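Below are the chains, spelled out letter by letter.
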Amino acid sequence: MKTIRSEQLFESAKKRIPGGVNSPVRAFYAVDRTPRFMDTAKGDRIVDVDGNEYIDYVCSWGPGILGHAHKRVIDKVKEACDKGLTYGAPTEKEVLLANLISELIPSMEVNRLVSSGTEAVMSAIRVARGYTKRDKIIKFRGCYHGHSDSLLVKAGSGAMTTSVPDSAGVPADDTKNTLVAEYNDISSVEALFKENPETIAAVIVEPVAANMGVVLPKPGFLKFLREITKKHGSLLIFDEVITGFRLSLGGAQEYYQIKPDLTTLGKIVGGGMPIGAYGGRRDIMQMISPDGPVYQAGTLSGNPIATTAGIETLKILKEDSEIYKRLEEKTKKLEQAVKEAAGDHVCVNRIGSLMSVFFTKEKVVDYESAVTSDIHQYAKYFGYLLDHNIYTAPSQFEAMFLSDAHTKEDIEMTCKMMGDALCSLEF
């Protein structure tokens, strides 16, 4: 496998771009490799600048649920481009996408489009604070909600420890109102509400955590969050940037039958173009300018290219009632292959078309159990797959994504390669 051009581009990129990449995980530091620079993508395949072709299980970190360069989506985007890229004025497509979102995710009665998942979450937190007239929020250790200052925090020595910034450049004052609980730990949430009476504006959670690897909610955990937020007059925010339209047409909230007050979206809602959305109950969303006092704006919000890609993607998902069944079946085959090859040497977490292989014998249910994984073993596993034309996440703590474009033959090939990769390791 030739990698000369990727290596040359990486060296060149490091001179002008921090770390040579525009998002840290792409640098491959966690797997001790040189990143592959991609050139083209079609269906379930991506091809790098050296001509190497891979079966892709990153899917642009989630948006590619239909596969790369789906013809219907591409044709509509090309048509939209001919009319102009952005106007800075309202368009009919914004209305069409807003209606589709509300139809598919009824809890998002009123929604607003933005340009990224990070922006959606930042805005949802702001409106929650404006609506409740409270400052504090609860997030969960290991759940990622974008890189806005108030959410880049860690728990310190425990769930109830005062939060400190998790990134240089974030003032301590910006995180002083962010409380950190343990995912799947009811008692840690109860303690925070007890210690901070009538000051918590919202609880924000990935209903299925997918940024410490895939970690499923324990039975009753999401229902508990719904109940305790109602009890204390706080809002429940589901961050469905990853799970929205992936676990089901209505996202994780449809899958688990839990209705949050606010929801944030990204990835699939843009069909591969940069977009985000946040929304919820009408009385909450009416707090946003120009209707209310909570200010949020964006030059490229709802631009006609991103909305076109999003509308067509959601239409395809809506029209094809069997797509989620197909995704489930494909991903289940990969799960079974890993379990057969590695037994109890690894922990496989899967839900729908999201999956992670953790290199630990522990059952992974939260951040603490996730970090027991052997990252060096994962790096070897990743490298074997990469060298055999299987492209997976270059980090133990990321998800594996499947698309409708993954063929039966490619799934079978991947099962074999995963089995070979695991058998090559010394447990």
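All values reported here derive from a predicted model rather than from experimental measurement.

Broken down by element type, the chain carries 14 helices and 16 strands. Over its C-alpha trace the chain gives a radius of gyration of 21 Å, about what one expects of a compact globule, namely 22 Å for 427 residues. Per-residue burial over the chain gives 55% buried out of 427 residues. Contacts in the chain between residues at least 24 apart in sequence constitute 71% of all its contacts with a sequence separation of at least 6. Measuring between centres, the 51 positive side-chain charges of the chain sit 2 Å from its 56 negative side-chain charges.

This brings us to the sheet that holds strand β1 (residues 38-42). Strand order in this open sheet of 4 strands is β1-β2-β3-β15, and the pairing throughout is mixed. Looking at which strands have only one partner, the edges of the open sheet turn out to be β1 and β15 (390-391). Looking at chain direction, β1 and strand β2 (residues 45-48) are connected through 4 bridges and run antiparallel. Within the sheet, the bridge partner assigned to Thr-40 lies in β2 and is Val-47. Lying on the sheet, helix α14 (residues 408-423) is in contact with β2, β3 (53-56) and β15; it crosses β3 at an angle near 95 degrees.

For the structure shown, the criterion picks out 22 salt bridges. Lys-14 is the partner of Glu-11 in a salt bridge, and the nearest nitrogen-oxygen pair spans 2.9 Å. With Glu-11 and Lys-14 both in helix α1 (residues 4-16) and 3 residues apart, this pair spans about one turn of that helix. The residue Glu-182 makes a salt bridge to Arg-141 at a minimum N-O spacing of 2.7 Å. Taken together, the residues Glu-182 in strand β8 (residues 178-182) and Arg-141 in strand β5 (residues 136-141) connect sequence positions 41 residues apart. Using a relative accessible area of 9% as the deciding quantity, one classes Glu-182 as buried. The exposure class of Arg-141 is buried, given its relative accessible area of 13%. Via salt bridges that share partners, Asp-44, Arg-45, Glu-53 and Asp-410 belong to a single interconnected network.

The next thing to look at is the packing of helix α13 (residues 375-387) against α14. Relative orientation of the contacting elements α13 and α14 amounts to 135 degrees, with a least axis distance of 9 Å. Comparing their axes, α14 and α13 come out oblique. Crossing of α13 over α14 shows right-handed handedness. Between α13 and α14, the residues in contact are Tyr-381, Tyr-384 and Leu-385 and Met-417, Met-418, Asp-420, Ala-421 and Leu-422, respectively.

Moving on to the sheet that holds strand β9 (residues 200-205). In space, the 7 strands of this open sheet follow the order β4-β12-β11-β10-β9-β5-β8, with mixed pairing throughout. Edge positions in the sheet fall to β4 (110-114) and β8, since each of these pairs with one other strand and no more. This sheet shows a mean twist of 20 degrees between the axes of neighbouring strands, independent of strand direction. Contacts between helix α4 (residues 117-132) and the sheet are confined to β4, β5, β9, β10 (235-239), β11 (262-265) and β12 (276-280), with β11 contributing the most and set at about 165 degrees to the helix.

Attention now moves to unusual backbone geometry. Residue Pro-290 is bonded to the preceding Ser-289 through a cis peptide linkage, with omega at 15 degrees. One can find Pro-290 in the loop between α9 (282-285) and α10 (304-319). Although it is not a glycine, Asn-184 sits at a positive phi angle of roughly 70 degrees. Mapped onto the elements, Asn-184 comes out in the loop between β8 and α6 (186-195). A relative accessible area of 9% places Asn-184 in the buried class. One non-glycine residue, Gln-257, lies in positive phi territory at about 55 degrees. The topology assignment puts Gln-257 in the loop between α8 (251-256) and β11. The class for Gln-257 is exposed, based on a relative accessible area of 64%.

Extensive coverage of strand β14 (residues 354-358) is indicated by the burial of 5 of its 5 residues. Of the two faces of β14, the one carrying Leu-354, Ser-356 and Phe-358 and the one carrying Met-355 and Val-357 are both buried. The pairing of strand β13 (residues 347-351) with β14 spans 5 bridges and is antiparallel. Pairing of Asn-349 across the sheet is with Ser-356, part of β14. In sequence, β13 turns back onto β14 through a hairpin of 2 residues, with Gly-352 there showing a positive phi of about 55 degrees. The pairing of β14 with strand β16 (residues 400-401) spans 2 bridges and is classified as antiparallel. Bridge pairing in β16 links Met-355 to Met-400.

Turning to helix α7 (residues 221-231), its buried residues are Phe-221, Leu-222, Phe-224, Leu-225, Arg-226, Ile-228 and Thr-229. Where the residues of α7 are buried, they touch β5, α6, β9, β10 and α8. Taken from the residues just after α7, Gly-233 is the one with a positive phi, measuring 70 degrees.

So, how was this worked out
- Residues numbered from 1 in each chain as written.
- Predicted model: local features only at pLDDT ≥ 70, side-chain atom pairs only at ≥ 80, totals over all residues.
- Heavy atoms only, no water.
- Helix = DSSP H or I, 4+ residues; strand = E, 2+ residues; numbered from the N terminus.
- Rg over C-alpha atoms; globule rule 2.2 N^0.38 Å.
- Buried < 20%, exposed > 50% of the residue type's maximum accessible area, 1.4 Å probe, protein only.
- Contact = heavy atoms within 4.5 Å.
- Lys, Arg positive; Asp, Glu negative; His and termini not counted.
- Charge placed at Lys NZ, Arg CZ, Asp CG, Glu CD.
- Pairing = 2+ DSSP bridges.
- Axes fitted to C-alpha atoms, helices over the stretch in contact; angles between N-to-C directions.
- Salt bridge = Lys/Arg side-chain N within 4 Å of Asp/Glu carboxyl O.
- Parallel < 35°, antiparallel > 145°, perpendicular 65-115°, else oblique.
- Left-handed = near helix turned anticlockwise from the far one by under 90°.

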